[in-house]
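Examining the three-dimensional arrangement
Read off the chains here:
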Amino acid sequence: MFDMTRMWAMLTGLALTAWYFAALYLGFKASDLLPMLVTAIGGFEMFLFAQDQWLKRKSKHG
């Protein structure tokens, strides 16, 4: 279940990033909320990745 949640968060982040850059490329004014959403989702995913690496490393060393 948790892996599926992470997958949806990753896909949502990629979709929002594509939306933001498409808006910039096409000359539309991007919403001020959009970069914050991309940053929040990206930060959340980076935190979970680092936590997974830490837990894997900790379990190997006792």
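Preceding block: the structure.
The present account deals with the structure reproduced in this document. Numbering of residues begins from 1 in every chain and follows the order in which that chain's sequence is written. Given that this is a predicted model, residues contribute local features only at a pLDDT of at least 70 and side-chain atom pairs are listed and counted only at 80 or more, while totals for whole chains, interfaces and linings are drawn from all residues. Processing note: side-chain calculations cover all non-hydrogen atoms of the structure and skip hydrogens and water entirely.

1. Some words on the overall build of the protein chain
- A helix here means a DSSP run of H or I that spans at least four residues, while a strand means a run of E at least two residues long, and both kinds are numbered starting from the N terminus. If you tally the helices and strands in the protein chain, you get 2 helices and 0 strands.
- To get the radius of gyration, use the C-alpha atoms; to get the globule rule, take the number of residues to the power 0.38 and multiply by 2.2 Å. Relative to the 2.2 N^0.38 estimate, which gives 11 Å for 62 residues, the radius of gyration of the protein chain is 16 Å and therefore markedly larger than a compact globule would have.
- Referenced to the eigenvectors of the C-alpha coordinate spread, the extents of the protein chain come out at roughly 55 × 20 × 15 Å.
- Buried residues in the protein chain amount to 15% of all 62 residues.
- Shrake-Rupley sampling with a 1.4 Å probe provides the accessible areas, and residues are treated as covered by the protein chains on show and by no other component. For the protein chain, the accessible area works out to roughly 5,400 Å², and carbon and sulfur atoms hold 73% of it.
- Of the charged side chains in the protein chain, 6 are positive and 4 negative; the average position of the first set lies 10 Å away from that of the second. Remark: exposure states derive from per-residue accessible area (1.4 Å probe, protein chains only) relative to the maximum for the residue type, with buried under 20%, exposed over 50%, and partly exposed in between. Positive charges are assigned to Lys and Arg, negative charges to Asp and Glu, while His and the chain termini are left out of the count. Positions of charges follow a simple convention, taking NZ of Lys, CZ of Arg, CG of Asp or CD of Glu.

2. Quick notes on the pattern of salt bridges
- In what follows, salt bridge is the name for a side-chain nitrogen of Lys or Arg lying within 4 Å of a carboxyl oxygen of Asp or Glu. In the structure shown here, the tally under the stated rule is 1 salt bridge.
- For Asp 32, the salt bridge identified is with Lys 29, shortest N-O distance 3.8 Å.
- Overall, the relative accessible area of 59% leaves Asp 32 in the exposed class.
- Overall, the relative accessible area of 72% leaves Lys 29 in the exposed class.

3. Notes on the side chain of Glu 45
- Within the fold, Glu 45 resides in helix H2 (residues 33-60).
- The contact definition used throughout considers only heavy atoms, calling two residues in contact when any of these lie within 4.5 Å. With sequence-adjacent residues up to four places away left out, Glu 45 is seen in contact with Arg 6, Ala 9 and Met 10.

4. Focus on H2
- Working rule for helices: expected span equals 1.5 Å times residues minus one. Taking 1.5 Å per residue as the helical rise, H2 with its 28 residues ought to reach 40 Å, and the 41 Å between its terminal C-alpha atoms agrees with that figure.
- Along H2, the positions that sit buried rather than exposed are Leu 34, Glu 45 and Leu 48.

5. Section: the environment of Ala 23
- Secondary-structure assignment places Ala 23 in helix H1 (residues 2-26).
- The residues contacting Ala 23, other than those within four sequence positions of it, are Phe 28 and Ala 30.

6. Describing a nonpolar patch on the surface
- Each patch is built from residues that are more than 30% exposed by relative accessible area and take part in no salt bridge. Like charges join if they lie within 9 Å; nonpolar side chains (Val, Leu, Ile, Met, Phe, Trp, Tyr) join within 5 Å. A cluster of nonpolar residues, Met 4, Met 7, Trp 8, Met 10, Leu 11 and Leu 14, forms a patch on the protein surface that exposes about 630 Å² of accessible area.
- Mapped onto the fold, Leu 11 is located in helix H1.

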